[in-house]
Amino acid sequence: MILFVCIIIQIINFISNNIYIHLYDFNINKYKMRSFYHSINKNMKKLFLSSLCFMVSLTTVAQTWNFGFGGGYLHNHFSMKRYKSTGNSGFKVEAVADYKLSSGFVFSSGLGFSQKGGTIEGYKIGGANDVRKVEAFPMNYLTVPLVAGYNVQLGKFSILPQIGVYAGIGVGGKGHVEGNDGWGKHYRERMNLFNTPQVTPYCQFNRYDYGATVAVNIDYSMFRLKAYYEHSLHEMNSLWGDPRHRSVGVSVLFMLK
């Protein structure tokens, strides 16, 4: 802030000096012309140096990078408009990057691999072949979060609450569909969970996902305990009750200070 004020002062000083030269004598002789350009060069140098110091202070003092990796337990279920859903247990591994400002605010991103999914149960799900049950597990995703938080130091511990968004793409997953066929005979078939170019008799899930996320991190030395919740905003299958992911998890990360 101080450097920013200095820059403004230099600009005002530069303008006032040159206005004064013009008002002093409109018919500038060669000597005054040289003085005029000297004044311009002198003030522009001051302005450039002040700006340079300001940018350097932002890039070298005001923030710190921190990286880490780890994983842990994840539980996921579907939020649905109709039909019944039960959850499944999976896991999540991730690499994170923190960008910490001197004010205490922290911006984080990274890359994660999540195993989500759940089970859908009902009568004639989607109205096709009397489908009674859809086992959509595991659904494997690559996810990228973008979150912001504020770091609170408590002795040897620090607490970092975070809030933000995430985006994900399904990279694989196979499940089962079961029910009764037109002759009343029970069947159970395996299917690819995400939409593919292959022809299938069942409506598959959209592989793209996005939503909101909140987390609380507790740091001690080079270790981080992370508890989080992910709330999907994207409906994955309009035919099967518009399911959306709801995930909670706990991870342990090793931070590279």
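S.K.: What should I look at first to understand the confidence of the model for the protein in this one?
M.R.: Detailed conclusions should not be drawn from predicted coordinates in areas where pLDDT is low. Chain-level pLDDT for the protein is 79 on average; 70% of the residues reach the 70-or-more range. Confidence, read as mean pLDDT per element, is least for helix 1 (residues 2–24) in the protein (42) and greatest for strand 10 (residues 223–232) (98). Residue range residues 1–41 is modelled with pLDDT below 50. Its contacts to residues more than four positions away, or to other chains, number 27 contacts. Below pLDDT 50 for its whole length, residues 54–61 participates in seven contacts with residues either more than four positions away or in separate chains.

S.K.: Got a minute to help me understand the environment of tyrosine 220 in this structure?
M.R.: Relative to the helices and strands, tyrosine 220 is located in strand 9 (residues 208–220). A residue is classified by how much of its surface remains accessible, and tyrosine 220, at 40% relative accessible area, is partly exposed. As a C-alpha pair, tyrosine 220 and methionine 255 span 35 residues in sequence and 9.6 Å in three-dimensional space. Excluding anything up to four places from it in sequence, tyrosine 220 contacts Lys156 and Phe157.

S.K.: Any chance you could explain empty space enclosed by the protein here in plain terms?
M.R.: Unoccupied space between atoms shows up once a probe the size of one water molecule is rolled over them. Enumeration according to the criterion identifies one cavity of 30 Å³ or more in this entry. Volume-wise, the largest cavity comes out at about 200 Å³. Elements represented by at least two residues in the lining of the largest cavity include exactly strand 2 (84–101), strand 3 (105–121), strand 4 (131–150), strand 6 (157–172), strand 9 and strand 10. Tallied by class, residues from the lining of the largest cavity come to seven nonpolar, six polar and six charged.

S.K.: Sorry, what's going on with the side chain of threonine 119 here?
M.R.: For threonine 119, the position within the fold is in strand 3. Excluding its chain neighbours within four sequence positions, the residues that come into contact with threonine 119 are Phe78, Lys84, Ser85, Thr86, Asn88, Lys133, Val134 and Glu135.

S.K.: How should the packing of aromatic side chains be read in this particular structure?
M.R.: Pairs of aromatic rings are described using the distance from one ring centre to the other and the angle between the two planes. Per the stated rule, a full pass over the model turns up nine aromatic pairs. The interplanar angle of 55° and the centroid separation of 4.6 Å between the aromatic rings of tryptophan 65 and tyrosine 99 together place this pair among those described as tilted. With tryptophan 65 in strand 1 (residues 63–79) and tyrosine 99 in strand 2, this pair connects stretches of sequence that are 34 residues apart. Ring geometry for phenylalanine 223 versus phenylalanine 254: centroids 5.7 Å apart, planes at 70°, classification edge-to-face. Of this pair, phenylalanine 223 sits in strand 10 while phenylalanine 254 sits in strand 11 (residues 244–256), and the two are 31 residues apart along the sequence. Exposure remark for phenylalanine 254: the relative accessible area of 28% places this residue in the partly exposed category. Following the ring pairs from residue to residue traces out a cluster consisting of Trp65, Phe67 and Tyr99.

Criteria and thresholds
- Residues numbered from 1 in each chain as written.
- Predicted model: local features only at pLDDT ≥ 70, side-chain atom pairs only at ≥ 80, totals over all residues.
- Heavy atoms only, no water.
- pLDDT = per-residue confidence, 0-100.
- Helix = DSSP H or I, 4+ residues; strand = E, 2+ residues; numbered from the N terminus.
- Contact = heavy atoms within 4.5 Å.
- Buried < 20%, exposed > 50% of the residue type's maximum accessible area, 1.4 Å probe, protein only.
- 1 Å grid on protein atoms, 1.4 Å probe; cavity = no way out; pocket = protein on both sides within 12 Å on 5 of 7 lines; lining within 4 Å.
- Points joined across faces, edges and corners; volume = space filled by probe spheres on them.
- Nonpolar A, V, L, I, M, F, W, Y, C, P; charged D, E, K, R; others polar.
- Phe/Tyr/Trp six-rings, centres within 6.5 Å; stacked < 30°, edge-to-face > 60°.

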